[in-house]
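Below are the chains, spelled out letter by letter.
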Amino acid sequence: MSATTSPADSSTATGGPTTTTTPTISTSTAAATVTNAIVKTVEAIISSTAPAASQSASPSPSGFSTPTQSPTSSSTPTTTASMGGPEEKLSVQDLSQTLQHFGVVDYLVFIAMLAVCAVIGVYFGFIEKKQKAKKKGQLAGKDGAGAAGVEERRGSEALDYLVGGRQMKVFPVALSLVASFVSGISLLGTSTEIYVYGTQYAFILVTLAISGAISWYIFLPVFCNLQLTSTYEYFQLRYGAGIRNLGAVLFIVDTTIWLPLCMYIPAITYSQVTGTGIYVITPIVCIICTFYTCVGGLKAVIWSDVIQSFVMFGSILVVCIKGTYDVGGLAVVLQRNEESGRLNAPEWTWDPTVRLSMLSVIVGGTLHKIQSSDVNQISIQRFLSLPSYEHAKRCMQVFTLLLIFLLSCCCYMGLVSYAVYHECDPISTKLAKASDQLPSLLMMRTLGSMPGLPGLFVAGVFSAALSSLSTGLNSLACVLTQDIVQPLLKKPLTERQTAFWLRGIVVGFGFSCIGMVKIVEKLGNVVPLATTVGAVSMGPLLGIYGMGVGLPWVKGKSVMVGSLVSFLVLAWICINAQLGQMNGEIRYPKMPVSVEGCDYTFDNATVFQAIYEYSPSERNLYHLSFFWYTAFGGVICTVFSLLASLFFGWEDLSQMDPALITPCMRRFLPNKNCQAVNMQDLFKR
């Protein structure tokens with residue numbers, strides 16, 4: 001039996017009535033006495049050896065397992081089993097507890113990952129700083145202030161803390177970019193997406209290569225040439241202070257909401273695997289992450305990301321390999337998914353309300369990835385930590401390849417998940433209380449009996465969270481210091497003041513995440529809020545970046561009008577869409593699932609509601625594919641900015657700095673008596 005299931009609906013389903021059976025007992029007093037004695041004896045033996053659930057299951061005509069409970073005690077299922085009846089089955093709650101295998105070795109693996117990150121922070125925050133001070137003194141003693149002056153400029157507080165002195169290496173920065181943009185939510189959500197909807201989402205891998213090529217050719221030359229610490233400084237050079245403030249505020253609000261969510265999702269996974277509450281692990285992880293980010297700056301963040309990236313890759317690969325082996329090999333995985341229709345492609349349609357069409361994935365996904373992964377404060381800050389533009393181009397190539405590989409592994413883990421649970425959907429039966437808990441459930445089933453591997457998987461999920469948290473804290477410190485604090489001051493900050501502000505911001509936001517995680521748990525609906533804020537902010541920012549480097553005729557006032565219109569329209573669409581999904585008014589078609597092969601008991605009403613009472617809703621404007629949000633916002637921002645230019649006028653191109661425009665558009669600028677300088681020579685100067 002197969003049907004369609006929805007993780008959203010199944011997570012809100014309520015329990016239904018259970019079937020009750022009454023044992024038949026003889027009226028003879030002697031027989032009753034003997035029977036009661038046997039029952040009590042067998043019950044004592046079983047409870048002392050294997051305390052299982054007090055429920056048994058009897059098959060129903062529909063193929064479901066029907067829970068059966070005694071009205072007075074748990075003696076009924078025990079008696080049935082002792083008299084040759086059907087074998088007793090565990091309940092969902094008891095099975096979930098038996099899957100928790102997190103031993104001493106697993107804790108050691110998890111603690112080792114946190115300890116290595118802390119040591120990296122100590123090294124770059126204290127040991128390397130002393131070594132640099134000693135080297136600076138030696139240079140000053142040898143040839144006066146010349147070499148020492150160059151070294152001092154490279155090692156200034158803001159430059160060293162925010163962009164690593166622009167002396168980082170390509171491969172570590174590429175790994176850091178991967179770790180930063182594959183959060184714990186992405187790590188768990190991608191495989192769940194494939195399990196629930198099929199391989200349509202996997203076509204996003206094509207857009208990663210396209211978006212990387214566009215960013216490499218259009219955006220990177222501009223930002224690498226300007227060598228700015230904050231990308232919103234570019235907004236002021238190109239448009240004025242108003243657009244800079246707008247971009248900075250959008251980034252700060254989006255990141256502030258996103259950071260506690262990045263910690264909450266892995267904490268739920270940790271709690272599911274170990275049985276420990278999230279309030280125990282969250283403060284520990286947040287304090288360690290805040291520590292190494294605070295004392296070590298971007299160098300500590302990048303090298304911690306390197307370690308965390310290897311842990312992420314290793315944990316995903318182990319689950320995929322072991323899961324494939326358990327089900328019988330790659331052919332079995334592909335066969336089961338093909339039979340269920342999960343090896344599907346996006347629909348070929350022009351309808352933007354289709355959840356994943358080929359047009360929305362390729363065009364909308366490309367524009368979304370340009371803004372989310374390639375052209376924003378977090379990514380540009382890392383590209384600027386490299387010595388030259390050539391290094392940045394190589395980093396973009398390596399980053400794109402590694403990101404494609406990791407997301408491919410996450411997609412394949414979704415296929416493995418269905419191959420394992422093709423006859424018993426854990427989302428419908430509530431074995432997985434939320435759809436995003438499916439990967440951790442798969443891990444506990446495939447790796448639970450192997451010491452150290454559950455710890456590796458949990459460390460991998462937390463590695464993704466730590467990298468996102470540390471990256472966000474470092475970028476928040478950069479934006480708040482460079483775009484908010486310094487413009488308000490009459491004179492520049494000293495080195496000591498800069499160090500205080502940078503580290504103070506990191507500590508403040510780091511510790512605030514501990515309290516905000518509690519708010520996230522209480523509200524319960526912060527995931528849609530974070531998704532909405534992210535979509536609403538990325539749309540206008542894509543338009544601002546795109547017009548900045550590609551349309552030199554547009555003024556700052558016109559861009560402000562277009563940005564505000566884009567923000568309001570996207571907010572209206574996204575908020576209504578999220579409310580519709582939360583209320584069950586927006587429902588998308590799901591892939592079929594089955595519960596015929598379940599070997600544990602569950603609530604029939606919940607499963608029936610999740611599978612048979614679910615049906616897709618009629619599409620309207622609020623069904624707009626999530627891949628279109630960023631693209632739609634960017635187009636609205638551009639169109640209304642051009643219309644506003646008819647009122648505010650056009651930019652005087654004779655006053656435009658060519659360095660602010662992408663090289664392929666500089667041909668439209670008036671010729672100036674300028675000397676052509678090779679970019680590599682510019683970096684050497």
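As shown above, the structure is provided for reference.
Residues numbered from 1 in each chain as written. Predicted model: local features only at pLDDT ≥ 70, side-chain atom pairs only at ≥ 80, totals over all residues. Heavy atoms only, no water.

Student: Explain the overall build of the chain here, please?
Tutor: Assigned secondary structure in the chain consists of 25 helices and seven strands. Taken across its 685 residues, the chain has 55% of its residues classed as buried. Once local pairs closer than 6 in sequence are excluded, the contacts in the chain between residues at least 24 apart make up 86%. (Helix = DSSP H or I, 4+ residues; strand = E, 2+ residues; numbered from the N terminus. Buried < 20%, exposed > 50% of the residue type's maximum accessible area, 1.4 Å probe, protein only. Contact = heavy atoms within 4.5 Å.)

Student: Would you take a moment to explain empty space enclosed by the protein for this structure?
Tutor: Under the criterion given, the structure shown has one cavity of 30 Å³ or more. Of the voids in this model, the largest cavity is the one considered here, and its volume is about 40 Å³. Forming the boundary of the largest cavity are Leu208, Ser211, Gly212, Ser373, Asp374, Phe399, Thr400 and Leu403. For the lining of the largest cavity, the elements supplying multiple residues, two or more each, are helix H10 (204-226), helix H15 (358-374) and helix H17 (389-420). (1 Å grid on protein atoms, 1.4 Å probe; cavity = no way out; pocket = protein on both sides within 12 Å on 5 of 7 lines; lining within 4 Å. Points joined across faces, edges and corners; volume = space filled by probe spheres on them.)

Student: Quick question: what am I supposed to make of the environment of Val285 here?
Tutor: Here Val285 is to be found in helix H13 (residues 278-327). When the C-alpha atoms of Val285 and Leu114 are compared, they prove to be 7.6 Å apart, with 171 residues separating the residues in sequence. With residues up to four places along the chain from it excluded, the contact list for Val285 reads Phe110, Leu114, Met263, Phe462 and Leu466.

Student: Sorry, what's going on with the state of the cysteines here?
Tutor: Linking two cysteines covalently through their sulfur atoms gives a disulfide. Applying the stated criterion to the full structure yields one disulfide. The partner cysteine of Cys424 in its disulfide is Cys598, sulfur to sulfur 1.9 Å. Looking along the S-S bond of the Cys424-Cys598 disulfide, the torsion reads about 105°, which is the right-handed sense. In this pair, Cys424 is assigned in the loop between H17 and helix H18 (438-447) and Cys598 in the loop between strand E6 (592-593) and strand E7 (600-601), connecting sequence segments 174 residues apart. For the residue pair Cys424 and Cys598, the accessibility class agrees, reading buried in each case. Cysteine Cys117 shares no disulfide, and the gap to the nearest cysteine sulfur, in Cys289, comes to 8.0 Å. On the basis of relative accessibility, which here comes to 0%, the residue Cys117 falls in the buried class. In this structure Cys289 is a free cysteine whose sulfur lies 7.3 Å from that of Cys286, the closest cysteine sulfur available. (Disulfide = S-S within 2.5 Å.)

Student: Which parts of the structure should I look at to understand unusual backbone geometry?
Tutor: Comment: phi is negative for the bulk of residues other than glycine, and the bulk of peptide bonds are trans. Its identity as a non-glycine residue notwithstanding, Gln227 has a phi of 55°, on the positive side. Residue classification places Gln227 among the partly exposed positions, given a relative accessible area of 21%. A positive phi angle, near 75°, is found at Lys430, a position not held by glycine. Inspection of the secondary structure assignment puts Lys430 in the loop between H17 and H18. Owing to a relative accessible area of 19%, Lys430 belongs among the buried residues under this scheme.

Student: How should I be thinking about the environment of Val280 in this particular structure?
Tutor: Along the chain, the position of Val280 falls in helix H13. Assessed through its relative accessible area of 49%, Val280 is described here as partly exposed. Sequence spacing of Val280 and Ala267 is 13 residues, and the spatial spacing of their C-alpha atoms is 9.2 Å.

Student: Can you walk me through helix H14 (residues 330-339) in this structure?
Tutor: Among the residues making up H14, those that are buried are Val332, Val333 and Asn337. The arc enclosing the buried residues of H14, seen along the axis, measures out at 125°, which places them on a common side. Of the residues in H14, the exposed ones pointing more than 90 degrees away from the buried face are Ala331, Glu338 and Glu339. Where H14 is buried, its residues touch H13 and H17. (Arc of directions from axis to C-beta.)

Student: What should I look at first to understand the pattern of salt bridges in this one?
Tutor: It is possible for side chains of opposite charge to pair when their charged atoms get near one another. Enumeration according to the criterion identifies seven salt bridges in this entry. Residues Arg244 and Asp483 are paired through a salt bridge, measuring 2.7 Å at the closest nitrogen-oxygen approach. Taken together, the positions of Arg244 in helix H12 (residues 241-274) and Asp483 in helix H19 (residues 453-488) put the pair 239 residues apart, joining distant regions of the chain. The exposure class of Asp483 is buried, given its relative accessible area of 2%. We note a salt bridge from Glu390 to Lys393, for which the minimum N-O separation is 3.3 Å. Here Glu390 pairs with Lys393, and both are found in helix H17, just three residues apart, close to one helical turn. Accessibility expressed as a relative area gives 17% for Lys393, which makes it buried. Connected through salt bridges with shared partners, the residues Glu128, Asp160 and Lys299 form a single ionic network. (Salt bridge = Lys/Arg side-chain N within 4 Å of Asp/Glu carboxyl O.)

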